[in-house]
Amino acid sequence: MAAEQPRFEQLMQQLENLVTRMESGELSLEDSLQAYEEGVRLSRLCQQQLAEAEQRVYRLQEQQGQVSFEPLSFKPEAGDT
């Protein structure tokens with residue numbers, strides 16, 4: 001049996017912790033590269049879960065006859081990079 005996939009919130013917390021470690025400047029080059037690779041993996045898992053949630057919302061709207069659906073888009077606020 002496959003292991004249960006972590007929840008979105010857990011993945012985001014792991015990603016935030018990883019970013020904090022990387023920003024500390026205390027990781028070696030090799031550790032930084034490994035942390036970056038792990039961050040990419042976590043980010044992809046988060047994106048996948050968000051896409052799945054979006055599809056669930058779309059299907060629910062479709063079932064209720066609300067077929068006008070616009071994908072969510074992130075627009076950074078002033079000062080965000």
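Higher on the page you've got the structure.
1. Considerations on the overall build of the protein
Here is step 1: Helix and strand counts for the protein stand at two helices and zero strands.
Here is step 2: The proportion of buried residues among the 81 residues of the protein is 11%.
Here is step 3: Look at the contacts in the protein between residues 6 or more apart in sequence, and 51% of them connect residues 24 or more apart.
Here is step 4: Carbon and sulfur atoms provide 52% of the accessible area of the protein, an area that totals close to 7300 Å².

2. Describing the nonpolar core
Here is step 1: Listed in full, the seven residues of the largest apolar core are Leu 11, Leu 15, Leu 18, Ala 35, Leu 42, Leu 45 and Cys 46.
Here is step 2: Contributing elements (two or more residues each) for this core: α1 (8–23) and α2 (29–63).
Here is step 3: Per-element accounting of this core gives the leading share, four residues, to α2.
Here is step 4: Apart from the residues within four sequence positions on either side, Leu 15 is in contact with Gly 39, Leu 42 and Ser 43.

3. A word on the pattern of salt bridges
Here is step 1: By the definition in use, this model includes two salt bridges.
Here is step 2: The partner of Glu 9 in a salt bridge is Arg 7, with the nearest N and O atoms 3.4 Å apart.
Here is step 3: Here Glu 38 ties to Arg 41 by a salt bridge, and the two come within 2.7 Å at their closest N and O atoms. Taken together, the residues Glu 38 and Arg 41, both in helix α2 and three residues apart, mark about one turn of the helix.
Here is step 4: Its relative accessible area of 29% is what places Glu 38 among the partly exposed residues.

4. A closer look at α1
Here is step 1: Given a rise of 1.5 Å per residue, 16 residues ought to cover 22 Å, and the 22 Å separating the end C-alpha atoms of α1 matches this to within 8%.
Here is step 2: Inspection of α1 places Leu 11, Leu 15 and Leu 18 among the buried residues, and these make up the whole buried set. Along the axis of α1, the buried residues cluster in a sector spanning 60°; they form a single face. Facing away from the buried side of α1 by over 90 degrees, the exposed positions are Thr 20 and Glu 23.
Here is step 3: In this structure, the buried residues of α1 make contact with α2.
Here is step 4: Two residues or fewer past α1, Gly 25 is found with a positive phi of approximately 80°.

5. Overview of the packing of α1 against α2
Here is step 1: Packing of α1 against α2 brings their axes to within 9 Å, and their N-to-C directions diverge by 155°. The pairing of α1 with α2 is recorded here as roughly antiparallel in orientation. Along this stretch, α1 crosses α2, giving a crossing that reads as left-handed. Together, Phe 8, Leu 11, Met 12, Gln 14, Leu 15, Leu 18 and Met 22 of α1 and Ser 32, Ala 35, Tyr 36, Glu 38, Gly 39, Leu 42, Ser 43, Leu 45, Cys 46, Gln 49 and Leu 50 of α2 make up the contact between the two elements.
Here is step 2: By residue class, the composition of the contact of α1 with α2 is 12 nonpolar, five polar and one charged.

About the criteria used
The residue numbering used here restarts from 1 in each chain and proceeds along that chain's sequence as written. Given that this is a predicted model, residues contribute local features only at a pLDDT of at least 70 and side-chain atom pairs are listed and counted only at 80 or more, while totals for whole chains, interfaces and linings are drawn from all residues. For the side-chain quantities, the full set of heavy atoms in the structure was used; hydrogens and water were omitted. A run of H or I in DSSP becomes a helix once it reaches four residues, and a run of E becomes a strand once it reaches two; helices and strands are each numbered from the N terminus. Burial classes follow relative accessibility: with a 1.4 Å probe on protein chains only, a residue under 20% of its type's maximum area counts as buried, one over 50% as exposed, and anything between as partly exposed. It only takes one pair of heavy atoms within 4.5 Å for two residues to be counted as in contact. The Shrake-Rupley method, run with a 1.4 Å probe sphere, supplies the accessible areas, and residue values consider only the shown protein chains as cover. Only buried residues count toward a nonpolar core, which is a set of Ala, Val, Leu, Ile, Met, Phe, Trp, Tyr and Cys residues joined through side-chain atoms within 4.5 Å. Whenever a carboxyl oxygen of Asp or Glu lies within 4 Å of a side-chain nitrogen of Lys or Arg, that contact is scored as a salt bridge. Expected helix span is computed as 1.5 Å times (number of residues minus one). To obtain the arc, one takes the directions from the helix axis to the C-beta atoms. Working convention: axes come from line fits to C-alpha atoms, limited for helices to the stretch in contact. Angles between N-to-C directions cover 0 to 180 degrees. In these notes the angle categories are as follows: under 35 degrees is roughly parallel, over 145 is roughly antiparallel, 65 to 115 is roughly perpendicular, and the rest is oblique. Crossings are classed by handedness, with left-handed meaning an anticlockwise turn of the near helix from the far one by less than a right angle and right-handed meaning a clockwise turn. Throughout this entry, Asp, Glu, Lys and Arg are counted as charged residues, while Ala, Val, Leu, Ile, Met, Phe, Trp, Tyr, Cys and Pro are counted as nonpolar. The remaining residues, Gly among them, count as polar.

Geometric values such as these leave the question of function open.
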